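# Structural description and commentary
What follows is each chain in one-letter form.
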Amino acid sequence: MAQQQQRPISNRPISFLNRNGLFLLLLVLLVFLGVYLPLSESPLFMFQNRTSSSSPPSPSFVVSDWRYYSLAQAAKFVAKNGTVIVCAVSYPFLPFLNNWLISISRQKHHEKVLVIAEDYALLYKVNEKWPGHAVLIPPALDPKAAHHFGSQGFYNLTSRRPQHLLDILELGYNVMYNDVDMVWLQDPFKYLQGGHDVYFMDDMTTIKPLNHSHGLPTSRNGVTYVCSCMIFLRCTSGAKLLLKKWVEEIRTQPWSNTEAKKPHDQPAFNRALHKTTHQVDVYLLPQSAFPSGGLYFKNKKWVNETNGKHVIVHNNYIVGYNQKLKRFQDFGLWLVDDFSHESPLGKLESVQEQNTEEKKQKERGKKTNRKRGQKHNIL
C-alpha cells in the first residue's frame, strides 16, 4: 500500500487542544492588562510611547473618565529626571496657561509639566489636546470665582497649593511651581544647582546688588516678603517640613470678608519660612534673573542695565485679567496670537470670545423674554 501523503502544516486544522491553549493565552493577557497595570498605576496602560518629540502623546484607547486619573498616575507620566513642573489654574485663565506653555516649550521643558486643573472644563480641555498632562484633585472649584483676586474663590484656589505640592513631594519627586502669569525667557534649571531644600524669588521692588545674599531676605519692619508664585522644592525632609508648616499657617486663618483680615497664601508662606528657618535650607534666586513684576515692568532703567539676565518674568503687581493681558502685549510677552503652534495645546478658542458669545446669547434670551412679556400684556 502506498504511504499516505502528509498534509502540509499550513493546511492542518487547529486541534481542540491548540485552540484551548490560544484561548488561555489570550485570557492571561487580558487579565494582565486589566488588573496588573491599573493596580500599578502605570501610565503606559493609558498612553502610547512618548519617545517621539514631533507630536504630543495620544491615548492608546479612550479613557473612560479623566475624573478617575490620579495624581500618582499623572506625576509618574510627566516626570523627567525625578522632577515635575506644576501650575494650578481654572478655565478662564486657559489663554495664560497656553502663553506660559509656549515659553516653557522654547526651553524644552514642557514634557514635565503637570496642570492641576481646578475645574472639570479645564481638565477635559487640556487632556483633549494634550492627554495625560492635566489632573483634578477634588473638589472642583467654581471657575468664575477662582481668579478674582481677594475673593473667597481666589483664596480657595491658592490655599490648596501647598497641599498639592506636598502630595507630589511625598510621591518622591522634586517639584517646581509657577503661576501661569509668568513667561520663561531662559532655562531656569541652571539656577537650581546645589543641594538646597527650597528655591524662591523675592517679591520686593527694591533693587538689590547683582551679588546679593541668597539667604532669607528681610523687608520693612523685618517681615519677609518672598513670592510664593515661583518655588522649586527638592524631595527632602526640609522641603516637606516647610510645606506642612505652610498648610498649618493657612488653616489657622479661615476666610474672612473683612478687607483687613482677608487671608492670603503668600503671608502664610512667609510665616512658615520664618518658623522653619533653622530647619530648612533655603536659597533666594538672583533678582536680576527672577524679578517681580513691580520691578521688571516699572523700572526701564533697571531692565536695560540687566538686559540678557532675565530668566522668568512674573506679571504681578497688577490686578485683573485684561490688565495682565495688555501688559504682556505691551512688552511683547503675549505669545499666543502668533506662536500658538509652539504650545502642546495648539491654537485654542479664545475664552474671551467664548464669554462674549455667551453674553450675546443671554442678551438675546432677555430680549426674547421681554418681547414675550409685552405680547402677553397686549393680549
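Residues numbered from 1 in each chain as written. Predicted model: local features only at pLDDT ≥ 70, side-chain atom pairs only at ≥ 80, totals over all residues. Heavy atoms only, no water.

In the nomenclature of an unreviewed UniProt entry, the protein chain is known as Glycosyltransferase of Brassica campestris. For the record of the protein chain, the UniProt heading Sequence similarities (unreviewed entry) holds the text "Belongs to the glycosyltransferase 77 family." Turning to the protein chain, the UniProt annotation filed under Subcellular location (unreviewed entry) states: "Golgi apparatus membrane". (UniProt positions renumbered as here; feature names shortened; annotations may be inferred.)

Turning next to the overall build of the protein chain. Within the protein chain, the regular secondary structure consists of 13 helices and 9 strands. Counting every position in the protein chain, which comprises 379 residues, the buried fraction comes to 47%. Restricting the contact set of the protein chain to residue pairs at least 6 apart, pairs at least 24 apart contribute 71%. Just so you have it, the protein chain exposes about 20600 Å², and 55% of that area is on carbon and sulfur atoms. (Helix = DSSP H or I, 4+ residues; strand = E, 2+ residues; numbered from the N terminus. Buried < 20%, exposed > 50% of the residue type's maximum accessible area, 1.4 Å probe, protein only. Contact = heavy atoms within 4.5 Å. Areas by Shrake-Rupley, 256 points an atom, 1.4 Å probe, with all protein chains shown as cover.)

A separate point is the environment of Asp 265. As for its placement among the helices and strands, Asp 265 is situated in helix H8 (residues 265–275). Under the relative-accessibility criterion, Asp 265 is labelled buried at 1%. A C-alpha to C-alpha distance of 9.8 Å links Asp 265 and Gln 253, two positions 12 residues apart in sequence.

Let us now look at the pairing of strand S6 (residues 198–202). Taken across its 5 residues, S6 has 5 buried, putting it largely inside the fold. Here S6 pairs with strand S7 (residues 226–233) via 5 bridges, running antiparallel. The residue of S7 that forms the bridge with Phe 200 is Ile 231. In terms of strand pairing, S6 meets strand S8 (residues 282–284) through 3 bridges, oriented parallel. Across the sheet, Tyr 199 pairs through a bridge with Tyr 283, a residue of S8. (Pairing = 2+ DSSP bridges.)

Read from one edge of the open sheet, 7 strands run S3-S2-S1-S4-S7-S6-S8, paired in mixed fashion. The open sheet terminates on both sides in strands that have one partner only, identified here as strand S3 (134–136) and S8. Taken pair by pair, the neighbouring strands of this sheet meet at an average axis angle of 30°, ignoring direction. Here 5 bridges tie strand S1 (residues 83–89) to strand S2 (residues 113–117), and the two strands are oriented parallel to one another. Paired with Val 86 across the two strands is Leu 114, which belongs to S2. Across the sheet, helix H4 (residues 120–129) touches S1, S2 and S3, and the angle it forms with S3 is around 155°. (Axes fitted to C-alpha atoms, helices over the stretch in contact; angles between N-to-C directions.)

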